[in-house]
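Breakdown of the fold
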Amino acid sequence: ERKQVIVITPTYNRALQAYFLNRLGQVLRLVQPPLLWIVVEMTSASAETAEILRKTGVMYRHLVCVNKNNTNVKDRGVHQRNAGLEHIERHRLDGIVYFADDDNVYSLQLFESLRNISSIVMEFVALCLRFHSQISRIACLFCSHFGTWPVAMLAQSKNKAIVEGPVCNASQVIGWHTNEKSKRLRRFHVDMSGFAFNSTILWDPKRWNRPFSNPIRQLDTVKEGFQETTFIEQVVEDESQMESVPPSCSRILNWHLHLDAHGLVYPRGWLLQKNLEVV
Ligand code: UDP
């Protein structure tokens, strides 16, 4: 069974926004069969974003996140991603959910690989084989509902590329690439755009809807740098419930960029929107 892909993108008005959204939209437009793009802004829907989305030719939903909790956490799209998840839950959208930040670079192959994340419901087989760890591990690969892969990060200021994500043996995740000392504290070393999961997880009482844990509220207060691992810890128990996408993690399919667009100098005489769309 091959599922629809549902992409959640938090975005906000700043210089380069038009460039980022157009670039991402153009890749998404090429994905076949068409996917659903959930684009979420904070507080209000901007006319600039609405205009770009209309022109992309991608099937989209333009949402607004009204944050009622007044947390001090530096946001960076957290509440918007949660609003996207709430939308999926409320409308019971069936598909592979993927968080794609607007400023990263994605290959077409990535979106095509997402569809291969196992969606066969074999929970009952896993249950029967629970006491035989090796077989249970294999069974879990068929019902993982959760895929992850390495993402390359390019830090403009540090002038270096690093890789973060799983080390794999065929489809199994057997370890993690990690670079920074402080990040050793994280359970899973995955980039926000380095994993995707079947939306059925969201209505699985053993995972997302476990009693006493409300990940939507929790994520709002999680320290920066721990968002991904905290989220993943809520939906999988360990690496045996994950699969690599594509198998063996042998290629980099997307890049996480850190471009600094503050203090841009604009060409004289041109009329520019605040998101750098030229009119
Ligand atoms: N973002 C947002 N509002 C903000 C900051 C970030 O919507 O105030 C979005 C941004 O458009 C991007 C994602 O959140 O899609 C991640 O932002 P950024 O790349 O700045 O964070 P980083 O990846 O550097 O932590």
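Within every chain, residues take consecutive numbers counted from 1 along the sequence as written. Reporting in this predicted model follows two pLDDT cut-offs: at least 70 for local features of residues, and 80 or more for side-chain atom pairs to be given and counted; totals over whole chains, interfaces and linings ignore these cut-offs and use all residues.

Formally: UniProt positions are given in the numbering used here, feature names are shortened, and annotations may be inferred rather than shown by experiment.
Where an unreviewed UniProt entry is consulted, the protein chain appears under the name Glycosyltransferases, with the organism given as Populus tomentosa. Of the protein chain, the UniProt comment under Function (unreviewed entry) reads exactly: "Involved in the synthesis of glucuronoxylan hemicellulose in secondary cell walls." In UniProt, the protein chain has this text filed under Cofactor (unreviewed entry): "Mn(2+)".

1. Comments concerning helix 8 (residues 227–235)
Cut-off, in case you're wondering: Whether a residue is buried, exposed or partly exposed follows from its count of other C-beta atoms within 10 Å of its own C-beta, namely 20 or more, 12 or fewer, or something in between, respectively; the C-beta atoms are built from the backbone. Only DSSP runs of H or I covering at least 4 residues are called helices, and only runs of E covering at least 2 are called strands; the numbering of each starts at the N terminus. Here the arc refers to the directions that run from the helix axis out to each C-beta atom.
Those residues of helix 8 that sit buried are Glu228, Phe231, Ile232 and Val235. Within helix 8, the buried residues cover an arc of 95° as seen down the axis, which keeps them to one side.

2. Comments concerning the site of the ligand
Put simply, the rule reads: We call a residue near a molecule or strand when its C-beta atom, built from the backbone, sits within 6 Å of it. Gly falls in the polar group here, along with every residue not listed as nonpolar (Ala, Val, Leu, Ile, Met, Phe, Trp, Tyr, Cys, Pro) or charged (Asp, Glu, Lys, Arg).
Residues in contact with the ligand, as listed here, are Thr9, Pro10, Thr11, Tyr12, Asp75, Arg76, Gly77, Gln80, Asp101, Asp102, Asp103 and His258. Taken together, the residues of the shell around the ligand sort by class into two nonpolar, five polar and five charged.

3. Section: the UniProt feature "site: Interaction with galactose moiety of substrate glycoprotein" (unreviewed entry) in the protein chain
As a reminder of what qualifies: Note that contacts rest on C-beta atoms placed from the backbone: two residues are in contact if these are within 7 Å.
UniProt annotation of "site: Interaction with galactose moiety of substrate glycoprotein" (unreviewed entry) refers to Glu164 when read in the numbering used here. Counting through the fold element by element, Glu164 comes out in strand 8 (residues 160–169). With 21 C-beta atoms counted inside 10 Å, the residue Glu164 sits in the buried group. Apart from the residues within four sequence positions on either side, Glu164 is in contact with Pro150, Val151, Met153, His177, Thr178, His189, Val190, Asp191 and Gly194.

4. What about the sheet that holds strand 1 (residues 5–10)?
Note the following rule: Two strands form a pair only when DSSP identifies at least two bridges running between them. Lines are fitted to the C-alpha atoms to define the axes, a helix being fitted only along its stretch in contact, and any angle between axes, read from their N-to-C directions, falls within 0 to 180 degrees.
Reading across the sheet, the seven strands line up as 3-2-1-4-10-6-11 and stay open at both edges, with mixed pairing between neighbours. Of all strands in the sheet, those with a lone pairing partner are strand 3 (59–65) and strand 11 (243–244), marking the two edges. Bridging between strand 2 (residues 36–42) and strand 3 involves seven bridges; their strand directions are parallel. Bridging across to strand 3, Val39 finds its partner in His62. Taken strand by strand, helix 2 (residues 47–56) contacts strand 2 and strand 3, and its axis lies near 165° from that of strand 3. Together, strand 1, strand 2, strand 3 and strand 4 (96–99) form the strand contacts of helix 3 (residues 78–91), whose direction differs from that of strand 2 by roughly 135°.

5. Remarks on the UniProt feature "active site" (unreviewed entry) in the protein chain
Look at the UniProt record and you will see "active site" (unreviewed entry) annotated at Glu228. By the C-beta count within 10 Å, which is 22 here, Glu228 ends up buried. Beyond its immediate chain neighbours, meaning those up to four positions away, Glu228 contacts Phe188, Val190, Asp191 and Met192.

6. As for helix 1 (residues 17–30)
Put simply, the rule is: To estimate how far a helix should extend, the number of its residues minus one is multiplied by 1.5 Å.
With 14 residues, helix 1 ought to run about 20 Å at 1.5 Å a step, and its terminal C-alpha atoms sit 20 Å apart, in line with that. Within helix 1, the full set of buried residues consists of Gln17, Ala18, Phe20, Leu21, Leu24, Gly25 and Leu28. Down the axis of helix 1, the buried set is contained in an arc of 160°. They therefore lie on one face. On its buried face, helix 1 sits against strand 1, strand 2, helix 2 and strand 5 (105–106).

7. Some remarks on the packing of helix 1 against helix 2
Selection criterion: Our angle categories are set so that under 35 degrees counts as roughly parallel, over 145 as roughly antiparallel, 65 to 115 as roughly perpendicular, and the remainder as oblique. Should the near helix be turned counterclockwise from the far one by less than a right angle, the crossing is left-handed, whereas a clockwise turn marks it as right-handed.
One can describe the packing of helix 1 onto helix 2 by two numbers: an axis separation of 10 Å at closest approach and a directional angle of 25°. The angle between helix 1 and helix 2 places the two elements in the roughly parallel class. Handedness of the crossing formed by helix 1 with helix 2: right-handed. Judged by residue contacts, Ala18, Leu21, Asn22, Gly25 and Arg29 of helix 1 engage Glu48, Thr49, Ile52 and Thr56 from helix 2.

8. Considerations on the sheet that holds strand 9 (residues 172–177)
Taken in spatial order, the five strands of this open sheet run 5-12-7-8-9, and their pairing is mixed. The open sheet is flanked by strand 5 and strand 9, the only strands paired with a single partner. Pairing of strand 7 (residues 151–155) with strand 8, which is carried by five bridges, proceeds in the antiparallel orientation. The partner of Ala152 across the bridge, within strand 8, is Val163.

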